[in-house]
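Here are the chains, one letter per residue:
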Amino acid sequence: FEYSPFRIGFAVHTPTFYKLTYSTSAIVTNDYRDANTDELKRIIVDTYDYVGDMKRDYRLVTPWKYNVSLGYTVGTSLALGAEYEYEDYSTMKFKYSSNDGGGDMNAEVKNCLKGEHTFRIGAEYKVIPEFAFRLGYNYSSAVFRDEAVKYIPSNSLITDTDFSNKRSQSNYTLGIGYRGKMFYADLAYQLSTYKENFYPFYNEFELTQGEWTMVTPPGTKVTNTRSQVLLTVGMRF
């Protein structure tokens, strides 16, 4: 609005199209002593000898992202801002060149992921034209569904079976900034905290009374916190 301190904004971020190549291999070495000759021997198993060069080409399309922002200034000293952002990760799309597994992968994306809501609010107060104090808060909702699992196929080379379902995250910031004619500096403190459910193994399925049911191992609730002090300095020419 031309003659108003109120500002409103809207943005749409289009998907990003990736073309990726995944390559993997494994070598297992086993040293043993022959029980008959007492000779030390070694067996080496290389996946290349059995399945060749394990490469898979696929395409990934990221979700659409929508953003709405509001801003308001009080005089020349105080600025207030709020922002909302939405991105639905369950709409990500995978496509393999051989069309092998693409449908299964997209089904798992829908089953395990969901839309993320992000809220941001902030304020800046200028004590004098050169110095400003800043406060900010950022909240992001969980991306994983409660029932999301890490499934490892029987022919997979993955050995890390643990996984975590991250819950919502909050970021708190406090900072001070200086703006001179040529030199500027910003000092900020940020506290990040989020909870997650940690699982040591992926979920198996068992046949119970004629129906397949998921066997979920007990999850451990973990709270993560991280503190950062960030300093940015620069010079304008």
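What you are looking at is a predicted structure, and each value in this text was computed from that prediction instead of being measured.

Novice: I'm lost on the pattern of salt bridges in this one. Help?
Specialist: Side chains that carry opposite charge are capable of pairing whenever their charged atoms lie near each other. Summed over all chains, the structure comprises eleven salt bridges. Asp-31 is paired through a salt bridge with Arg-42; the nearest N and O atoms lie 2.6 Å apart. Highlighted residues: Asp-31 in strand β3 (residues 27–33) and Arg-42 in strand β4 (residues 40–46), separated in sequence by eleven residues. The exposure class assigned to Asp-31 is partly exposed, which follows from its relative accessible area of 44%. The class for Arg-42 is exposed, based on a relative accessible area of 55%.

Novice: What should I look at first to understand unusual backbone geometry in this one?
Specialist: With glycine set apart, most residues show a phi of negative sign, and most peptide bonds adopt trans. Although it is not a glycine, Asp-38 adopts a positive phi angle of roughly 60°. Checked against the element boundaries, Asp-38 lands in the loop between β3 and β4.

Novice: Just to check I follow, could you spell out the nonpolar core for this structure?
Specialist: Nonpolar side chains tend to gather and get buried jointly when the protein is soluble and globular. Tyr-58, Leu-60, Met-92, Phe-94, Tyr-96, Val-109, Leu-113 and Val-143 form the largest nonpolar core, which has eight residues in total. Excluding anything up to four places from it in sequence, Tyr-58 contacts Tyr-18, Lys-19, Leu-20, Tyr-22, Phe-94, Lys-95 and Tyr-96.

Novice: Can you help me understand the side chain of Ser-192 in this one?
Specialist: Assignment of secondary structure puts Ser-192 in strand β12 (residues 183–199). Non-local contacts of Ser-192, meaning those with residues more than four positions away in its chain, are made with Gln-169, Ser-170, Asn-171, Asn-224, Thr-225 and Arg-226.

Calculation criteria
- Residue positions are given per chain, counting from 1 as you read along its sequence in written order.
- This being a predicted model, a pLDDT of at least 70 is required before a residue's local features are given, and a value of 80 or more before pairs of side-chain atoms are given or counted; all residues contribute to the totals for chains, interfaces and linings.
- In computing side-chain properties, one takes all heavy atoms of the structure into account and sets aside hydrogens as well as water.
- The rule for a salt bridge is simple: a side-chain nitrogen of Lys or Arg has to be within 4 Å of a carboxyl oxygen of Asp or Glu.
- A run of DSSP states H or I qualifies as a helix once it reaches four residues; a run of E qualifies as a strand once it reaches two. Both are numbered from the N-terminal end.
- Buried, partly exposed and exposed residues are distinguished by accessible area as a fraction of the type maximum, computed with a 1.4 Å probe on protein chains only: under 20%, between the cut-offs, and over 50%, respectively.
- Buried residues of nine kinds, namely Ala, Val, Leu, Ile, Met, Phe, Trp, Tyr and Cys, make up a nonpolar core once their side-chain atoms join them within 4.5 Å.
- A contact between two residues is defined here by any heavy atoms of the two lying within 4.5 Å.

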